[in-house]
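Each chain, written out:
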Amino acid sequence: MFANNKIINVTFYALCVLIFAFFYYVLFIDCMEILPVWESFPDSSDYITQSKAELFSFDFFAPKPRQWFAPRPFTLPLFLKLVDGDPYKMVLFQKVLYFISVVFISLTFIKFFQSKISKILHLCVLVFFFLWWNIVGWSYTILSESLSMTFLFAWLGTLFLYYKNQSTLNLVLIIFVSVLFSFTRDTWPYIILLFSILNFIVFIKKREEKVRVKNSILVLFSVILFFVQDYTANQGERYKLPLFNSIVGRVVKKSEYLDWFKSKGMPTPLKIVEDFKPIENVDDDALRGVVYSKYFDSTYTPLFNWIVKDGKKTFQNFLLSHPSYLLMKDESPEKISRILCSPYFGYIRESTNFHKKVDLVFPCFSFLFAILVIGIVSFLFFKTGNRIYVLILVLSILTTANAILSYSADTLEVKRHLFITQILLNFICIVSLGLIVDYLVNHIKNVFHFSRKGVNQI
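Here's what I pulled together on the structure shown here. (Residues numbered from 1 in each chain as written. Predicted model: local features only at pLDDT ≥ 70, side-chain atom pairs only at ≥ 80, totals over all residues. Heavy atoms only, no water.)

### Some details on the overall build of the protein chain
Helix and strand counts for the protein chain stand at 22 helices and 0 strands. In terms of principal-axis extent, the alpha carbons of the protein chain reach across some 90 × 45 × 40 Å. Evaluated residue by residue, the protein chain yields a buried proportion of 52% over its 458 residues. Counting contacts in the protein chain only where the partners sit at least 6 residues apart, residues at least 24 apart contribute 78% of the total. (Helix = DSSP H or I, 4+ residues; strand = E, 2+ residues; numbered from the N terminus. Buried < 20%, exposed > 50% of the residue type's maximum accessible area, 1.4 Å probe, protein only. Contact = heavy atoms within 4.5 Å.)

Okay, here's the thing in structure tokens:
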């Protein structure tokens, strides 16, 4: 019996190694040539410039804007500094970090499966999903998307670990990864804070004092992280252009909204109406340049000055007092559909080799199907009390919140900001189906075992 278990374990680990070896092969060997596509994007230049600042200086972590430089969150510049600011090395480094992240989240998630066969099968599905070009393709350029997804998956992996065991080590791991994850994009601190609050509620009935303390620490950390990143964003005026885009691209479409901003002291409302109200959708590829040209138009200087001084707080108050805007009641179904956009190749090249096969499969889950499996997983939580099921529900809430927040934060390049929604929707469906199937298999196995035991007793 002992020998059989040893053989099973050796076989299981060997298969895990083979699966990840295949993932490594496709990611690093069966791949495309690295081309300097980043030279086409001003964002990339900003990241490279910031990476050259002295480490542990304000000019690195919280720089101020200057001519031809727009400050960015520090995670990407930090990793660029580790490779001496070389974009070619950074592409390889991004792939290495992604590989580590995928191995980590895959191994932490399959801990929740009881059967080794279920673990191997789900590991295959996860690795196949993580080869989707909609994710991998971003690693070939120097933009925040690649590291944002890498640390998103690493962060989710730490959550899986924590829900398996609420140890101090796992709490420290969440905090460490959260910092790097948060500073990839300025919307993530909101999601991390929302998670810590939902997590506190999930464990509120947990009797152990140590667990309550850990979850309180996580909330406190998330609040501090939120305000620290908000401070760096204010220093770098990182909200200025997104807020301008939202005002001239969406607020201008409704007189009620524009009048509200005018009453709060926003300058040049007539100029905004004259230039932008006739444009149906400033996010069209052919019309986006109209907005870009106004960044350097002196007639809009008073508006930009107002945005820097009062705009951010005013816009936050606007969102709270106008839920119709936040919930996209004023947007057409066609525009809202961008939340679930399919692979977006505006910034990445088309897929090659094995990735093309993955692209034939994903995206393969609809929004309605996601609601169905999330409903089943929620039922399993109330039936079993296993918190892994409620974590999936929490992840669904976070995905929805991120979509609403990102859509409201910037009217331009909505597909670029929200392609992650389709990725998370498919990820949620995959892990939910895995948990549902594993529950059914074990339930049937237990029923069969009970029936056999009853027959034997008779």
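Back to the text.
### Focus: unusual backbone geometry
Backbone torsion omega between Phe 362 and Pro 363 reads 0°, so that peptide bond is classified as cis. The topology assignment puts Pro 363 in the loop between α19 (353-359) and α20 (367-384). Unlike most non-glycine residues, Phe 56 shows phi in positive territory, near 65°. In this structure, Glu 413 is a non-glycine residue whose phi angle is positive, near 55°. Topologically, Glu 413 is positioned in the loop between α21 (387-409) and α22 (414-457).

### What to know about empty space enclosed by the protein
By the definition in use, this model includes 6 cavities of 30 Å³ or more. Within this model, the largest cavity holds a volume of roughly 90 Å³. Forming the walls of the largest cavity are Glu 145, Ser 148, Met 149, Arg 185, Thr 187, Trp 188, Asn 402, Ser 406, Arg 416, His 417, Phe 419 and Ile 420. Contributing elements (two or more residues each) for the lining of the largest cavity: α8 (144-164), α21 and α22. (1 Å grid on protein atoms, 1.4 Å probe; cavity = no way out; pocket = protein on both sides within 12 Å on 5 of 7 lines; lining within 4 Å. Points joined across faces, edges and corners; volume = space filled by probe spheres on them.)

### A word on the side chain of Ser 115
Along the chain, Ser 115 falls in the loop between α5 (87-109) and α6 (116-129). Looking at Ser 115, its side chain comes within polar contact range of the main-chain nitrogen of Ile 117, at 3.2 Å. (Polar contact = N/O pair within 3.5 Å; in protein donor to acceptor, adjacent residues only side chain to side chain.)

### Quick notes on helix α13 (residues 255-263)
Listed in full, the buried residues belonging to α13 are Tyr 257, Leu 258, Trp 260 and Phe 261. Looking down the long axis of α13, one finds its buried residues gathered within 155° of arc, a one-sided arrangement. Looking at the packing, one finds that the buried side of α13 touches α14 (269-276), α16 (301-321) and α17 (323-326). A positive phi of about 95° marks Gly 265, the residue just after α13. (Arc of directions from axis to C-beta.)

### What to know about the layout of surface pockets
Taken as a whole, the second largest pocket spans an internal volume of roughly 430 Å³. Lining the second largest pocket we find 17 residues, and of these Leu 340, Phe 367, Thr 400, Thr 421 and Leu 425 sit closest to its centre. Mapped by element, the contributors of at least two residues to the lining of the second largest pocket are α20, α21 and α22.

### Some details on the packing of α5 against α8
Running from amino to carboxyl end, α5 crosses α8 at an angle of 20°, the nearest separation of the two axes being 8 Å. One finds that α5 runs roughly parallel with respect to α8. For the pair α5 and α8, the crossing hand works out as left-handed. Only Ser 146, Leu 147, Thr 150, Phe 153, Ala 154, Leu 156, Gly 157, Thr 158, Phe 160 and Leu 161 of α8 make contact with α5, whose side of the interface consists of Met 90, Gln 94, Leu 97, Tyr 98, Ser 101, Phe 104, Ile 105, Thr 108 and Phe 109. (Axes fitted to C-alpha atoms, helices over the stretch in contact; angles between N-to-C directions. Parallel < 35°, antiparallel > 145°, perpendicular 65-115°, else oblique. Left-handed = near helix turned anticlockwise from the far one by under 90°.)

### Here we look at the nonpolar core
Phe 130, Trp 155, Leu 156 and Phe 427 are the most contacted members of the largest nonpolar core, which has 110 residues in total. Sorting elements by how many residues they give to this core places α22 first, with 13 residues. Trp 155 has contacts with Ile 174, Val 177, Ser 178, Phe 181, Ile 192, Phe 195 and Leu 398, leaving out every residue within four places of it along the chain. (Core = buried A, V, L, I, M, F, W, Y, C linked by side-chain atoms within 4.5 Å.)

### Some points on helix α4 (residues 75-82)
Among the 8 residues in α4, 6 count as buried, and that is most of the element. Among the residues of α4, Thr 75, Leu 76, Pro 77, Leu 78, Phe 79 and Leu 80 are the ones counted as buried. Looking at the buried side of α4, the elements it contacts are α2 (42-51), α3 (58-61), α5, α8 and α9 (168-182). Following α4 by one or two positions, Asp 84 has its phi on the positive side, about 60°.

### Some remarks on the environment of Ser 366
The residue Ser 366 is located in the loop between α19 and α20 in this model. Overall, Ser 366 belongs to the partly exposed group, its relative accessible area being 40%. Considering only alpha carbons, one finds Ser 366 and Leu 425, 59 residues apart in sequence, at a separation of 8.2 Å. At 3.1 Å, the side chain of Ser 366 forms a polar contact with the backbone nitrogen of Phe 369.

### Some details on the packing of α8 against helix α10 (residues 188-202)
Put simply, α8 and α10 touch, their axes get as near as 13 Å, and they point 10° apart. Classed by the angle they form, the pair α8 and α10 counts as roughly parallel. Contacts from Ser 148, Leu 152, Trp 155, Leu 159, Tyr 162 and Tyr 163 of α8 reach α10 at Trp 188, Ile 192, Phe 195, Asn 199 and Val 202. Of the residues contributing to the contact of α8 with α10, the split by class is 9 nonpolar, 2 polar and no charged. (Nonpolar A, V, L, I, M, F, W, Y, C, P; charged D, E, K, R; others polar.)

### What to know about the pattern of salt bridges
Throughout the structure, instances matching the rule amount to 19 salt bridges. Salt-bridge contacts for Asp 46 lead to Arg 72; the nearest nitrogen and oxygen are separated by 2.8 Å. Separated by 26 residues along the polypeptide, Asp 46 in helix α2 and Arg 72 in the loop between α3 and α4 bring together distant segments of the chain. Of the two residues, Asp 46 and Arg 72, both sit in the buried class. The salt bridge involving Asp 59 is made with Arg 66; its shortest N-O contact spans 3.8 Å. A residue is classified by how much of its surface remains accessible, and Arg 66, at 44% relative accessible area, is partly exposed. Each of the salt bridges in this network shares a partner with another, and the network as a whole consists of Asp 43, Asp 46, Arg 72, Glu 145, Arg 185, Glu 413 and Arg 416. (Salt bridge = Lys/Arg side-chain N within 4 Å of Asp/Glu carboxyl O.)

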